[in-house]
Amino acid sequence: MNDQNQTADDGVIDVNGKPYMTDGKGALVPLEMVKPADKLEDEVVRKIMCFANELSAQIARFRGHTMTDLGELDALLAQEFGLTKGGPKGNRTYLSFDGLMRVTVQVADYVDFGPQLQIAKRLLDECLTEWAADSRPEIRAVITRAFNTDKEGQVNRSEIFMLLRLDIEDPRWQEAMRAIREAMRVTGSKEYVRFHRRARVTDRWEAVTIDLARAS
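These figures come from a predicted structure and were not determined experimentally.

Conventions used here
One numbering rule holds for all chains: residues counted from 1, following each sequence as written. At least 70 in pLDDT is required for a residue's local features to be given in this predicted model, at least 80 for side-chain atom pairs to be given and counted, and no such filter applies to totals for whole chains, interfaces and linings, which use all residues. Heavy atoms throughout the structure, all of them, feed into the side-chain values; hydrogens and water do not. Any Lys or Arg side-chain nitrogen found within 4 Å of a carboxyl oxygen on Asp or Glu counts as a salt bridge. Helix and strand definitions follow DSSP, with helices as H or I runs of at least four residues and strands as E runs of at least two, each counted in order from the N terminus. Each residue is placed in one exposure class: buried if its accessible area under a 1.4 Å probe, protein chains only, is under 20% of its type's maximum, exposed if it is over 50%, and partly exposed if it falls in between. Only buried Ala, Val, Leu, Ile, Met, Phe, Trp, Tyr and Cys residues count toward a nonpolar core, and they belong to the same one when joined by side-chain atoms within 4.5 Å. For this analysis, residues touch if any pair of their heavy atoms sits within 4.5 Å. To pair, rings of Phe, Tyr and Trp, with the six-membered ring standing in for Trp, must have centres within 6.5 Å; the planes then decide the type, stacked if under 30 degrees apart, edge-to-face if over 60, and tilted in the middle. Charge-over-ring placement is defined geometrically: NZ (Lys) or CZ (Arg) within 6 Å of the ring centre, and within 35 degrees of the ring normal. The pLDDT value expresses, per residue, how confident the predictor is, ranging between 0 and 100. A fitted line through C-alpha atoms represents every axis, and for helices the fit uses only the stretch in contact; the resulting angles, taken between N-to-C directions, go from 0 to 180 degrees. Here the angle decides the label: under 35 degrees means roughly parallel, over 145 means roughly antiparallel, 65 to 115 means roughly perpendicular, and every other value means oblique. Crossings are assigned a handedness: left-handed for a near helix turned anticlockwise from the far helix by less than a right angle, right-handed for a clockwise turn. Put simply, Ala, Val, Leu, Ile, Met, Phe, Trp, Tyr, Cys and Pro go in the nonpolar bin, Asp, Glu, Lys and Arg in the charged bin, and everything else, Gly too, in the polar bin.

Draft legend 1. Structural context of the pattern of salt bridges. One pass over the structure, following the stated rule, counts nine salt bridges. Notably, a salt bridge pairs Arg92 with Asp74, separated by 3.4 Å at the nearest N-O pair. Of the two residues, Arg92 is situated in strand E5 (residues 92-95) and Asp74 in helix H1 (residues 36-81); the sequence distance between them amounts to 18 residues. Exposure remark for Arg92: the relative accessible area of 11% places this residue in the buried category. For Asp203, the salt bridge is made with Arg200, and the minimal N-O distance between the two is 3.3 Å. The exposure class assigned to Asp203 is partly exposed, which follows from its relative accessible area of 23%. Accessibility expressed as a relative area gives 51% for Arg200, which makes it exposed. One connected set of salt bridges, linked through shared partners, spans Asp74, Arg92 and Glu191.

Here it is as structure tokens:
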């Protein structure tokens, strides 16, 4: 059996005392057969990824500590002062005493749609058929984009919500909007933490850009 040991982070594997690298197909390639340009690119990518992995882990730890600190603060405020931060959805805002630093927690819901959406689509199709002689191309375009009629079973969520903002008095339209609302299902949620600062209380908030949404 071949004795294989991979040295730290350089991609070189020792097989029976000889150096190899693994290509994209999983095959072992003798190190002397690897093109210098490919080896140089490999070294730079591995160097960058080493820093990226460390930073990602640091951000993940920071997010965990942040949520723990805020959770403990919420519990202390409730216990000691009878104060509750935020509303029923869980959105909260925390300010420094001087008003120059702000930490915001926002809860975003993942929304899916149930079978009632097909009822809404049928009613909207009826509206479009009757309005065919009228000049309502913008509404037809929104409906088409919302239900993505070229791809069966797919919907465009942002355009669905755009439909709900349109003020149309047709009873079938109103019934379709009720069906859309009844079709909405919250299938999950995710908490986002955002940070802002400003030099003076009269200044606009400036974001401290840390992408915590993708931290695992």
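From this point, the discussion proceeds with the structure in view.
Draft legend 2. Seen up close, the nonpolar core. In this structure, Leu163, Trp173 and Ile180 are the most contacted members of the largest nonpolar core, which totals 24 residues. Those elements giving two or more residues to this core turn out to be strand E6 (101-113), helix H2 (116-130), helix H3 (137-147), helix H4 (157-165) and helix H5 (171-183). Beyond its immediate stretch of four places on either side in the chain, Leu163 contacts Leu124, Val142, Ile143, Ala146, Phe147, Trp173, Met177 and Ile180. By size, the runner-up hydrophobic cluster in this structure holds six residues, among which are Met67, Leu70, Val193 and Phe195.

Draft legend 3. Representation of the packing of aromatic side chains within the structure. With the rule as written, the count across this model stands at two aromatic pairs. Between Phe62 and Phe195, the aromatic rings sit 5.7 Å apart at their centres with planes inclined by 35°, giving tilted as the arrangement. Taken as a pair, Phe62 in helix H1 and Phe195 in strand E7 (residues 184-197) lie far apart in primary sequence, 133 residues in all. Given a relative accessible area of 35%, Phe62 falls into the partly exposed group. The ring centre of Trp205 lies 3.8 Å from the NZ or CZ of Arg198, which sits over that ring.

Draft legend 4. Structural view of the confidence of the model for the protein chain. Looking at the protein chain as a whole, its pLDDT mean stands at 84, while 88% of the residues score no less than 70. Least confident of the elements in the protein chain is strand E1 (residues 4-6), whose mean pLDDT is 47; most confident is E5, at 95. In this model, residues 4-8 is a region of pLDDT below 50 whose contacts with residues beyond four sequence positions or in other chains number eleven contacts.

Draft legend 5. Representation of the packing of H2 against H3. Interhelical geometry of H2 versus H3 gives an angle of 155° and a closest axis separation of 11 Å. With respect to H3, the axis of H2 lies roughly antiparallel. As H2 runs across H3, the sense of the crossing is left-handed. In contact with Leu117, Lys121, Leu124 and Leu128 of H2, H3 contributes Arg140, Ile143 and Phe147. Residue classes in the contact of H2 with H3 are distributed as five nonpolar, no polar and two charged.

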